[in-house]
Amino acid sequence: MNKIYIPKNPNLDVMTTAWLVSSVDKIDEVNIQTVPATWGGESMTDDDICIGLNSPEGELGLRIRYGVNKGGNMKSCFSYYLEGIDENLASPFNSLATYLDLSLTSKGPWPKTN
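Residues numbered from 1 in each chain as written. Predicted model: local features only at pLDDT ≥ 70, side-chain atom pairs only at ≥ 80, totals over all residues. Heavy atoms only, no water.

A. Up close: the overall build of the chain. Tallying secondary structure elements over the chain gives 4 helices and 6 strands in all. Secondary structure of the chain in N-to-C order comes out as β-α-β-β-β-β-β-α-α-α. Expressed as a percentage of the 114 residues in the chain, the buried residues total 34%. Partitioning the contacts of the chain with sequence separation of at least 6, the portion at a separation of at least 24 is 53%. With an accessible surface of roughly 7,400 Å², the chain has 51% of that area assigned to carbon and sulfur atoms. (Helix = DSSP H or I, 4+ residues; strand = E, 2+ residues; numbered from the N terminus. Buried < 20%, exposed > 50% of the residue type's maximum accessible area, 1.4 Å probe, protein only. Contact = heavy atoms within 4.5 Å. Areas by Shrake-Rupley, 256 points an atom, 1.4 Å probe, with all protein chains shown as cover.)

Structure below.
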């Protein structure tokens, strides 16, 4: 059984990435494990996936993290995952990836609207 490791307080990016990974990889039974943000990757196997955690790079499993794009803006886990899958599968989700990237980059406070 595959395990997907996510932070204890996941954001929208982590949750949508976990959903996409389990859908694209056709994982029948997903075992979501919530771990502290400082989790070091202990007990991770080659079939497991770590999303949105700053766990150190290891030889086992797939690790999907936030990053910064060439323009200096945040890049979502969702965007990173889309880059690694078939373009025909990824293209319907490009708008959502852009939204998630912008939501990580935009911090506010937002101007008041009357």
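B. Here's a closer look at the pattern of salt bridges. Scanning all chains against the criterion turns up 1 salt bridge. The closest approach of N and O atoms between Glu83 and Lys75, which form a salt bridge, is 2.1 Å. Note on Glu83: relative accessible area 53%, which makes it exposed. Judged by its relative accessible area of 16%, Lys75 is buried. (Salt bridge = Lys/Arg side-chain N within 4 Å of Asp/Glu carboxyl O.)

C. Local environment of unusual backbone geometry. Of note, Ser43 is a non-glycine position whose phi angle comes to about 70 degrees, a positive value. Structurally, Ser43 can be placed in the loop between strand S2 (30-35) and strand S3 (49-51).

D. Region of the structure containing the environment of Asn94. Mapping Asn94 onto the fold places it in helix H4 (residues 94-105). Spatially, the C-alpha atoms of Asn94 and Phe78 are 9.5 Å apart, while their sequence positions differ by 16 residues.

E. Representation of the sheet that holds S2 within the structure. Taken in spatial order, the 4 strands make up an open sheet running S2-S1-S3-S4, and their pairing is parallel. Pairing within the sheet leaves two strands with one partner each, and these edge strands are S2 and strand S4 (62-64). If you compare each strand with its neighbour and ignore which way they point, the axes differ by 20 degrees on average. As judged from the 6 bridges shared by strand S1 (residues 2-7) and S2, these two strands associate in the parallel manner. (Pairing = 2+ DSSP bridges. Axes fitted to C-alpha atoms, helices over the stretch in contact; angles between N-to-C directions.)

F. Summary view of a nonpolar patch on the surface. Among the surface-exposed residues, Leu12, Leu96 and Tyr99 lie close enough to one another that they form a single nonpolar patch of about 280 Å² accessible area. Mapped onto the fold, Leu96 is located in helix H4. (Patch = residues over 30% accessible without salt bridge, like charges linked within 9 Å, V, L, I, M, F, W, Y side chains within 5 Å.)

G. Structural context of the side chain of Ser79. With respect to the helices and strands, Ser79 occurs in helix H2 (residues 77-83). Polar side-chain contacts of Ser79 include one of 2.8 Å to the side chain of Asp101. The contact partners of Ser79, leaving out residues within four places of it in the chain, are Ala97 and Asp101. (Polar contact = N/O pair within 3.5 Å; in protein donor to acceptor, adjacent residues only side chain to side chain.)

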